[in-house]
Amino acid sequence: MDRIEELLGKPCWIIDILPERVPEGSGGQYFAAEKVFLRDPTLRRRQASFLVKLNCYYDFILADAESGEQRNPDPETLCGLAGREDLYIFAGENALITSDCTDTYMTLYNPDERMLALAEKIAAAEGLFVWRGN
């Protein structure tokens, strides 16, 4: 948990269905659209495919409170994890990917330049966007 807390304080990028953050007070339909996407299994398939593809380049360690740590879970397991509550995956040496079933995005913390470039390419291939978080 200490390592997770440390990485959560590092720079992050959002892997999302939208190309940038929706401004507060926007007159659009963000929350209505979010409900639609959260019910649509296509979103989770895109996220799962992103994880499986990135795992081809980087070791993953799944940090799970129930089953402990699992190194490089098989692709079927990764596909089943997308959109799960409180998902934490250590990627490579110093990066962390988080996801939650209540969100339409995943967060990538502390990627190096190569990982970020790959993440952007993979996300684009899946119809997702990568943008700098706060």
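Rules behind the numbers
- Residues numbered from 1 in each chain as written.
- Predicted model: local features only at pLDDT ≥ 70, side-chain atom pairs only at ≥ 80, totals over all residues.
- Heavy atoms only, no water.
- Helix = DSSP H or I, 4+ residues; strand = E, 2+ residues; numbered from the N terminus.
- Rg over C-alpha atoms; globule rule 2.2 N^0.38 Å.
- Buried < 20%, exposed > 50% of the residue type's maximum accessible area, 1.4 Å probe, protein only.
- Contact = heavy atoms within 4.5 Å.
- Areas by Shrake-Rupley, 256 points an atom, 1.4 Å probe, with all protein chains shown as cover.
- Lys, Arg positive; Asp, Glu negative; His and termini not counted.
- Charge placed at Lys NZ, Arg CZ, Asp CG, Glu CD.
- Pairing = 2+ DSSP bridges.
- Core = buried A, V, L, I, M, F, W, Y, C linked by side-chain atoms within 4.5 Å.

(A) Seen up close, the overall build of the chain. Of regular secondary structure, the chain possesses 5 helices and 7 strands. Ordered by position in the sequence, the α and β elements of the chain form the string α-β-α-α-β-β-α-β-β-β-α-β. Compactness check: the chain gives a C-alpha radius of gyration of 14 Å against a globular reference of 14 Å for 134 residues, within 12% of the reference. Expressed as lengths along the three principal axes of its C-alpha atoms, the size of the chain is roughly 45 × 30 × 30 Å. Looking at the chain residue by residue over its 134 residues, the buried ones come to 42%. Taking contacts inside the chain between residues at least 6 apart in sequence as the whole, the part at least 24 apart equals 64%. Total accessible area computed for the chain in this model is approximately 7,800 Å², and 50% of it derives from carbon and sulfur atoms. Computing the positive centroid from 14 side-chain charges and the negative centroid from 23, the chain places the two 5 Å apart.

(B) Spotlight on the pairing of strand 4 (residues 87–91). For strand 4, a buried count of 4 out of 5 residues is recorded, marking the element as mostly surrounded by other parts of the structure. Judged from the 4 bridges that link them, strand 2 (residues 60–64) and strand 4 form a sheet pairing that is antiparallel. Bridge pairing links leucine 62 to isoleucine 89 in strand 4. Here strand 4 pairs with strand 5 (residues 95–99) via 5 bridges, running antiparallel. Its bridge partner being in strand 5, leucine 87 is matched across the sheet by serine 99. Counted along the chain from strand 4 to the antiparallel partner strand 5, the turn is 3 residues long, and its residue glycine 92 has a positive phi close to 65°.

(C) A look at the nonpolar core. Membership of the largest hydrophobic core comes to 28 residues, with the highest contact counts inside it found for Ile15, Phe50, Leu51, Leu54, Phe60, Ile89 and Ile97. Taken together, the elements giving at least two residues each to this core come down to strand 1 (12–16), helix 3 (41–55), strand 2, helix 4 (75–81), strand 4, strand 5, strand 6 (106–109) and helix 5 (113–125). Ranked by residue count, the leading element in this core is helix 5, at 6 residues. When sequence neighbours within four positions are dropped, the list of residues in contact with leucine 51 reads Phe60, Leu78, Leu87, Ile89, Ile97 and Met106.

(D) The environment of glutamate 85, seen in detail. Along the chain, glutamate 85 falls in the loop between helix 4 and strand 4. For glutamate 85, a relative accessible area of 52% translates into the label exposed. Each C-alpha atom of the pair glutamate 85 and cysteine 101 lies 4.9 Å from the other, and the pair is 16 residues apart in sequence. Not counting residues within four places of it along the chain, the set of residues in contact with glutamate 85 comprises Ser99, Asp100 and Cys101.

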